[in-house]
Amino acid sequence: MPGSAIQESLRGRGVRLTRQRLLLLELIDNSGLHLDAESLYQMAKARDSKLNRVTVYRTLKMLKEGGLVDELDLAHFEGEKHYYETRLKQEHAHVICLRCGKVEEFFGEPLQRLRRQIESHFGFQILLARTEVGGYCSHCQSLRAREMEQAVREPSEHHALTEPDGHRPRAKRPA
Ligand SMILES: [Zn+2]
Ligand SMILES: [Zn+2]
């Protein structure tokens, strides 16, 4: 959406669009990704060095409350981190790999159908719907299979694999 259209729709909601708000909104709209607040802050700062973290976080909160961006936790893949994406996209499900963190977006009629079913079943008016699916991507499935094979074949080497510094876990002393 061009800046003027965003401004128009915001004015309709009684939200004043400052330069910083517009900048963040553009970054989120244009990226098409799911960016966390810190990454957005770094990107915004590269465009406007006067921006500070507090302003960026406050602006994100405002954009969320204004219904312009969605805040996601993506199955808490990275703990309490939140991610932001544009609300201009069609409704979609997030498919998150819990091993490598890759996020895929599933668009399609089944989601619209589910929404209609829920609305008619409960006589409910849905304002927002969020679908998150966590699991392992095909790449990580094969990596995990290989790791497990290795663990069975060479149990001691598997320990070295799971210890990033290469140290073997020390044997526990009897208490
Ligand atoms: Zn993966
Ligand atoms: Zn998304």
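Our subject is the structure listed above.
To start, this report covers the structure provided alongside it. Computed from a predicted model, the values in this text were never measured in an experiment.

Attention shifts here to the coordination of the zinc ion (ligand 1). Of the protein atoms, only Cys97 (SG), Cys100 (SG), Cys137 (SG) and Cys140 (SG) coordinate the zinc ion (ligand 1), at distances of 2.3 to 2.4 Å. Around the zinc ion (ligand 1) sit four donor atoms; with metal-centred angles ranging over 104 to 117 degrees, the donor geometry is tetrahedral. Linear spacing of the donor residues for the zinc ion (ligand 1) on their chain is C-x2-C-x36-C-x2-C. With Cys97 in strand β4 (residues 93-97) and Cys140 in helix α6 (residues 138-153), the pair connects residues that are 43 residues apart, well separated along the chain. On the basis of relative accessibility, which here comes to 4%, the residue Cys97 falls in the buried class.

Remark: helix α3 (residues 37-47) packs on helix α4 (residues 53-65), axes separated minimally by 10 Å, with the N-to-C direction vectors making an angle of 120 degrees. Between α3 and α4, the interaxial angle falls into the category oblique. Between α3 and α4 the crossing geometry is right-handed. Across from Ala37, Glu38, Leu40, Tyr41 and Gln42 in α3, the residues of α4 making contact are Arg53, Val56, Tyr57 and Leu60. Broken down by class, the residue content of the contact of α3 with α4 amounts to six nonpolar, one polar and two charged.

Here we come to the coordination of the zinc ion (ligand 2). The protein atoms that coordinate the zinc ion (ligand 2) are His34 (NE2), Glu85 (OE), His92 (NE2), His94 (NE2) and Glu105 (OE), at distances of 2.0 to 2.2 Å. Going along the chain, you hit the donors of the zinc ion (ligand 2) in the pattern H-x50-E-x6-H-x1-H-x10-E. One end of the pair, His34, is in the loop between α2 (19-31) and β1 (35-36); the other, Glu85, is in strand β3 (residues 83-86), and 51 residues separate them in sequence. Of the two residues, His34 and Glu85, neither departs from the other in class, the shared state being buried.

So, on to the pattern of salt bridges. Once the charged atoms of two side chains with opposite charge are near each other, the side chains can pair. Counting across every chain of the model gives 14 salt bridges. As a salt-bridge pair, Glu71 and Lys64 come within 2.9 Å of each other at their nearest N and O atoms. The salt bridge partner of Glu147 is Arg99, with a shortest N-O separation of 2.6 Å. Within this pair, whereas Glu147 is found in helix α6, its partner Arg99 is found in the loop between β4 and β5 (103-106), the two being separated by 48 residues in sequence. You can call Glu147 partly exposed: its relative accessible area is 29%. The class of Arg99 is partly exposed, set by a relative accessible area of 32%.

Procedures and definitions
Residues numbered from 1 in each chain as written. Chains lettered and ligands numbered in written order. Predicted model: local features only at pLDDT ≥ 70, side-chain atom pairs only at ≥ 80, totals over all residues. Heavy atoms only, no water. Donors = N, O, S within 2.8 Å, 3.2 Å for Na, K, Ca; no water. Tetrahedral: all angles 85-135°; square planar, octahedral: opposite > 155°, others 65-115°. Helix = DSSP H or I, 4+ residues; strand = E, 2+ residues; numbered from the N terminus. Buried < 20%, exposed > 50% of the residue type's maximum accessible area, 1.4 Å probe, protein only. Axes fitted to C-alpha atoms, helices over the stretch in contact; angles between N-to-C directions. Parallel < 35°, antiparallel > 145°, perpendicular 65-115°, else oblique. Left-handed = near helix turned anticlockwise from the far one by under 90°. Contact = heavy atoms within 4.5 Å. Nonpolar A, V, L, I, M, F, W, Y, C, P; charged D, E, K, R; others polar. Salt bridge = Lys/Arg side-chain N within 4 Å of Asp/Glu carboxyl O.

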